[in-house]
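Commentary on secondary and tertiary structure
This is what each chain is made of:
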Amino acid sequence: MKLRVFYDGSCPLCAAEMKQLAAADHQGQVELQDITQPDFGERFPHIDPVAADRILHGETDDGTLLYGLDVTARAWDLAGKGWRVNWLRWPLIRPVADRVYLFFARHRHRISRLLTGREHCEAGTCSPAESRQQSSRR
């Protein structure tokens with residue numbers, strides 16, 4: 001694992017992206033952790049789930065924390081598909097992309113409802129990669 005991503009597993013769009021990421025990550029470089037799991041606080045006491053609910057959090061092997069689109073860009077880069085999102089980190093685009101991301105993060109459940117017909121995932125119905133999550137807990 002080179003990056004641990006802390007995501008909102010109750011968000012249909014977020015979970016869908018994590019499913020795509022897990023499918024693309026053939027080398028197992030990214031570990032996905034759902035902040036809505038009941039034991040999240042016990043397993044990751046250094047991550048505030050309220051803050052992680054407001055903005056995507058990521059943690060590198062050396063403990064460095066990343067946030068927002070920096071997490072997304074690093075994760076997709078590690079999965080070999082960085083070209084999909086790395087342009088969002090270009091200097092002239094970055095400030096606008098970060099503001100759009102914060103808007104999306106704040107309204108992700110409503111946006112999910114508009115795009116998928118579902119505002120929330122119920123009891124693991126959107127789980128990205130149950131087997132990958134289980135193996136990372138060992």
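Since the structure is predicted, the reported quantities are computational estimates derived from the model, not experimental observations.

Procedures and definitions
- Residues numbered from 1 in each chain as written.
- Predicted model: local features only at pLDDT ≥ 70, side-chain atom pairs only at ≥ 80, totals over all residues.
- Heavy atoms only, no water.
- 1 Å grid on protein atoms, 1.4 Å probe; cavity = no way out; pocket = protein on both sides within 12 Å on 5 of 7 lines; lining within 4 Å.
- Points joined across faces, edges and corners; volume = space filled by probe spheres on them.
- Helix = DSSP H or I, 4+ residues; strand = E, 2+ residues; numbered from the N terminus.
- Nonpolar A, V, L, I, M, F, W, Y, C, P; charged D, E, K, R; others polar.
- Salt bridge = Lys/Arg side-chain N within 4 Å of Asp/Glu carboxyl O.
- Contact = heavy atoms within 4.5 Å.
- Axes fitted to C-alpha atoms, helices over the stretch in contact; angles between N-to-C directions.
- Parallel < 35°, antiparallel > 145°, perpendicular 65-115°, else oblique.
- Core = buried A, V, L, I, M, F, W, Y, C linked by side-chain atoms within 4.5 Å.
- Buried < 20%, exposed > 50% of the residue type's maximum accessible area, 1.4 Å probe, protein only.
- Pairing = 2+ DSSP bridges.

**A few points about the layout of surface pockets**
When its volume is computed, the largest pocket comes out at roughly 420 Å³. With 6 residues, helix H1 (residues 12-24) is the single largest residue contributor to the lining of the largest pocket. Looking at the lining of the largest pocket, its residues break down into 16 nonpolar, 2 polar and 6 charged.

**Some remarks on the pattern of salt bridges**
Enumeration according to the criterion identifies 10 salt bridges in this entry. Put simply, Arg94 and Asp98 hold a salt bridge, and the shortest N to O gap is 4.0 Å. Here Arg94 pairs with Asp98, and both are found in helix H5 (residues 94-106), just 4 residues apart, close to one helical turn. Across the pair Glu119 and Arg113 runs a salt bridge whose closest N-O atoms are separated by 2.4 Å. Several salt bridges share partner residues, and in doing so they unite Asp70, Arg89, Arg94 and Asp98 into one network.

**A closer look at the side chain of Thr72**
Assignment of secondary structure puts Thr72 in helix H4 (residues 69-78). Beyond its immediate chain neighbours, meaning those up to four positions away, Thr72 contacts Glu17, Leu56 and Val85.

**Points about the packing of H1 against helix H6 (residues 108-116)**
Relative orientation of the contacting elements H1 and H6 amounts to 75°, with a least axis distance of 7 Å. Taken together, the axis directions place H1 and H6 in an arrangement best described as roughly perpendicular. On H6, the residues touching Pro12, Leu13 and Cys14 of H1 are Arg108, Ile111, Ser112, Leu115 and Thr116. The residue inventory of the contact of H1 with H6, partitioned by class, reads 5 nonpolar, 2 polar and 1 charged.

**Comments concerning empty space enclosed by the protein**
All chains considered together, the criterion is met by 1 cavity of 30 Å³ or more. Reported here for the largest cavity is a volume of approximately 40 Å³. In terms of residue count, H4 provides more of the lining of the largest cavity than any other element does, 4 residues in total. Among the residues making up the lining of the largest cavity, the classes are represented as 7 nonpolar, 1 polar and 1 charged.

**Considerations on the nonpolar core**
One finds Val5, Leu21 and Leu32 to be the most contacted residues of the largest nonpolar core, which totals 22 residues. Of all the secondary-structure elements, those providing two or more residues to this core are strand S1 (3-7), H1, strand S2 (30-34), H4 and H5. For this core, the leading source of residues is H4, giving 5 residues. Beyond its immediate stretch of four places on either side in the chain, Val5 contacts Met18, Val30, Glu31, Leu32, Gln33, Leu56, His57, Gly58, Val71 and Ala75. The next biggest cluster of nonpolar side chains, apart from the first, holds 6 residues, and it includes Ile35, Phe44, Ile47 and Ala52.

**A few points about the pairing of S1**
Taking burial as the measure, the 5 residues of S1 include 5 buried ones, the bulk of the element. Of the two faces of S1, the one holding Leu3, Val5 and Tyr7 and the one holding Arg4 and Phe6 are both buried throughout. Across 5 bridges, the pairing between S1 and S2 is parallel. Bridged to Arg4 within S2 is Glu31.

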